[in-house]
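# Structure at a glance
Below, each chain spelled out in residue letters.
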Amino acid sequence: MNTAGRLIEGRLKHLEAHLEQENPVLLKTVQSFKKLDRIAYRTGLLDTDESYATQIPWWPLIAVLGTFSSGKSTFINHYLNYKLQRTGNQAVDDKFTVTCYSREKSAHALPGVALDSDPRFPFYQMSEDIERVAKGEGDRIDSYLQLKTCPSERLRGKILIDSPGFDADAQRTSTLRITDHIIDLSDLVLVFFDARHPEPGAMKDTLDHLVSNTISRNDAGKFLYILNQIDSAAREDNPEEVVAAWQRALGERGLTAGRFYTIYNPDVALPIDDENLRERFERKRDADLEEIHNRMHEVEVERAYRIVGVLERTARDIEERAIPAIREAVGRWKRRVLWGDALAFGLLLAGLFSITLKQGYWQGFHFAPPWLESVINSPALQFGLAGTAVAVVLGLHFLIRSLAARSLLRQLKNQGEKLAIRGNLANAFLRNTKPWRSIFSSSPAGWGRGARKRLAQVKEDADNYVQTLNDRFTNPSGDAAVQLENQPELASTTVTDSETVPNPDPASS
Ligand SMILES: Nc1nc2c(ncn2[C@@H]2O[C@H](COP(=O)(O)OP(=O)(O)OP(=O)(O)O)[C@@H](O)[C@H]2O)c(=O)[nH]1
Ligand SMILES: [Mg+2]
């Protein structure tokens, strides 16, 4: 195995180690992805330094964005029940903090480089991206990103991202760039606003970026807009008006009711003296907080189905798209080679005929050049002539094979992109045009009976994984103890409503 191959092997080991802690069903899917990798290596769809398993996001991302000092970090600490992030009343965070689970009892912080160079994380090679939009900033990745691990159970199976607050004045291009990248990648985005700022109208740029630009996206459903710290409004003469003002400001930007939450943090809230008011505030807060937390839990369930969905789709894509596309290309190549051979050898023979005719080598239908006698008498000459003839024929044939293959490459690349095939069609096709492969081979290189069997096995496994996930998340057998043991955080919110069980294959719906 080459170094690149060992590298990917190491990465997959890492991935398996993480999944072992978090979700055994997903651990098995890695094995299935590896089976697909093997097929892809043999057919040439993937290079040995690639893997289908490293191309998908294994951890659902939950991003927490919003205005500065709105309580993002406090919210995260409360959710994790762990004092992970610093909080405070000036702008505290100047970096994005990517948080993921680790069994180790204490939290660890690692520099941004760790994220930039580890393909398991969503910031892989982010510095190049940053460099592109802000010259010279790419090298300073550590000043934008950091990684923290934390043993909170709530963090199992997810990645949470805390971000620097949006300031009223212009953000740095690189920060905006990362924010947009995070928004694109996230499965859920919590957008925080601060009820202590009674004048939402003064934050036009921020609202534009966080609301207007997000509301019309086709993944708009993943944004939750949260007005935080509404305990502070309890001190106003008219608390409801604070919320209403925000609702108006957000409404003007297209936000409809139902996706707007009002909460405050029970750990740090100011006491509310008026008992009625306090009860009303608490009821609303608890309801909204529960909904937000449920959504955060759901992304994990969705992730599991999504990954099994990707597995199944990858298997089907190989069989139903990639292989037929390769087969078709090889067929076209074969026809081109045959026509090319026919044409080239036709021309060659015609040329030879016309030359020998001019030389007067033909007597009627008899080929009788003056040197015929000496050839007949010399085995060495015969051997030499035959060798030359074979060399010319083969040389011409392989030249034609290679020209014909090259003439199809561009088209194949386009086709691969159009069909969104994961893997390199052109490379797989070229495997079939190698000199030692006959142009009459019945199936594409690497796609023998063993490969077909392995692929069928993966599809069957994928069905089984879905069933296991259904059992786990819907728990129809009521086996709560098992569930609790395997996935403690699931026990608190069992999904019973069939609507909340996501479609395992979103692409088909
Ligand atoms: N009264 C009240 N104070 C809160 C609430 N949430 C957070 N705070 C306080 O608000 C201040 C800012 O909180 P942070 O969590 O640091 O805010 P942040 O959004 O992370 O801020 P940056 O990282 O600087 O953007 C801290 O002093 C918190 O104690 C809340 O719900 N009510
Ligand atoms: Mg913060």
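Residues numbered from 1 in each chain as written. Chains lettered and ligands numbered in written order. Predicted model: local features only at pLDDT ≥ 70, side-chain atom pairs only at ≥ 80, totals over all residues. Heavy atoms only, no water.

### Quick word on the coordination of the magnesium ion (ligand 2)
How we decide: Donor atoms are limited to N, O and S found within 2.8 Å of the metal ion, a distance that becomes 3.2 Å for Na, K and Ca. With water left out, some sites might look partial. What counts as a helix is a DSSP run of H or I of at least four residues, what counts as a strand is a run of E of at least two, and both are numbered from the N terminus. Only protein chains enter the calculation, and the probe is 1.4 Å; a residue is then buried if its accessible area is under 20% of its type maximum, exposed if over 50%, and partly exposed in between.
Distances from the magnesium ion (ligand 2) to its protein donors, Ser73 (OG) and Asp93 (OD), fall within 1.9 to 2.0 Å. Taken together, the residues serine 73 in helix α3 (residues 72-80) and aspartate 93 in the loop between α3 and β2 (96-101) connect sequence positions 20 residues apart. Residue serine 73 shares its accessibility class with aspartate 93, and that shared class is buried.

### A look at the packing of helix α9 (residues 275-358) against helix α13 (residues 449-474)
The test is simple: To define axes, lines are fitted to C-alpha atoms, for helices over the stretch in contact only, and angles between the resulting N-to-C directions are given on a 0 to 180 degree scale. What sets the label is the angle itself: under 35 degrees gives roughly parallel, over 145 gives roughly antiparallel, 65 to 115 gives roughly perpendicular, and the rest give oblique. Throughout, a crossing is termed right-handed when the near helix is turned clockwise from the far one, and left-handed when it is turned anticlockwise from it by less than a right angle. Note on definitions: a residue-residue contact is assigned when non-hydrogen atoms from the two residues lie within 4.5 Å. Here the nonpolar group is Ala, Val, Leu, Ile, Met, Phe, Trp, Tyr, Cys and Pro; Asp, Glu, Lys and Arg are the charged ones; every other residue, Gly included, is treated as polar.
The interhelical angle for the contact between α9 and α13, taken along N-to-C directions, is 165°, at an axis separation of 10 Å. Relative to α13, the element α9 lies roughly antiparallel. Between α9 and α13 lies a crossing whose hand is left-handed. For the pair formed by α9 and α13, the contact residues are Val301, Ala304, Tyr305, Val308, Leu311, Glu312, Ala315, Arg316, Ile318 and Glu319 on the first element and Leu455, Val458, Lys459, Ala462, Asp463, Tyr465, Val466, Leu469, Asn470 and Phe473 on the second. Classifying every residue of the contact of α9 with α13 by side-chain character gives 14 nonpolar, one polar and five charged.

### Some words on the UniProt feature "transmembrane region" (unreviewed entry) in the protein chain
For the record, the criterion: UniProt positions are given in the numbering used here, feature names are shortened, and annotations may be inferred rather than shown by experiment.
Mapped onto the present numbering, the UniProt feature "transmembrane region" (unreviewed entry) falls at residues 342-361 and 381-400. For residues 342-361, the end-to-end C-alpha separation is 25 Å, with 85% helix and 0% strand making up the annotated structure. Secondary structure content for residues 381-400 is 100% helix and 0% strand, and the end C-alpha separation is 28 Å.

### Notes on the packing of helix α2 (residues 24-43) against α9
Between α2 and α9, the shortest axis-to-axis distance is 11 Å and the interhelical angle comes to 20°. Taken together, the axes of α2 and α9 are roughly parallel relative to one another. Seen along the crossing, α2 lies across α9 with a hand that is left-handed. Residue-level contacts link Leu26, Thr29, Ser32, Phe33, Leu36, Ile39 and Thr43 of α2 to Arg303, Ala304, Ile307, Val308, Val310, Leu311, Thr314, Ala315, Ile318 and Ile323 of α9. Its residues assigned to classes, the contact of α2 with α9 shows twelve nonpolar, four polar and one charged.

### Re the packing of aromatic side chains
Aromatic ring pairs: the centre-centre distance and the angle between the two ring planes describe each pair. For clarity, the cut-off: Each pair of aromatic rings taken from Phe, Tyr and Trp, with Trp reduced to its six-membered ring, is defined by centres within 6.5 Å and is described as stacked if the planes are under 30 degrees apart, edge-to-face if over 60, and tilted in the remaining cases. Any Lys NZ or Arg CZ that is within 6 Å of a ring centre and within 35 degrees of that ring's normal is treated as a charge sitting over the ring.
Using the criterion set out here, one finds ten aromatic pairs in the structure. When the centroid spacing of 6.4 Å and the interplanar angle of 50° are considered together, the rings of tyrosine 264 and phenylalanine 281 count as tilted. Note that tyrosine 264 is positioned in the loop between β8 (260-262) and α9 and phenylalanine 281 in helix α9, a separation of 17 residues in sequence. Overall, phenylalanine 281 belongs to the buried group, its relative accessible area being 8%. Here a set of aromatic residues connected by ring pairs shows up, and it is made of Phe353, Tyr361, Trp362, Phe367 and Trp371. If you follow arginine 285 out to its NZ or CZ, it ends over the ring of tyrosine 264, 4.7 Å from the centre.

### A word on the domain arrangement of the protein chain
So the rule is basically this: Segmentation into domains, and thus their bounds, comes from an automatic or database assignment.
What the domain assignment reports for the protein chain is domain 1 (61-306) and domain 2 (319-438). For domain 1 and domain 2, the distance between their C-alpha centroids amounts to 64 Å.

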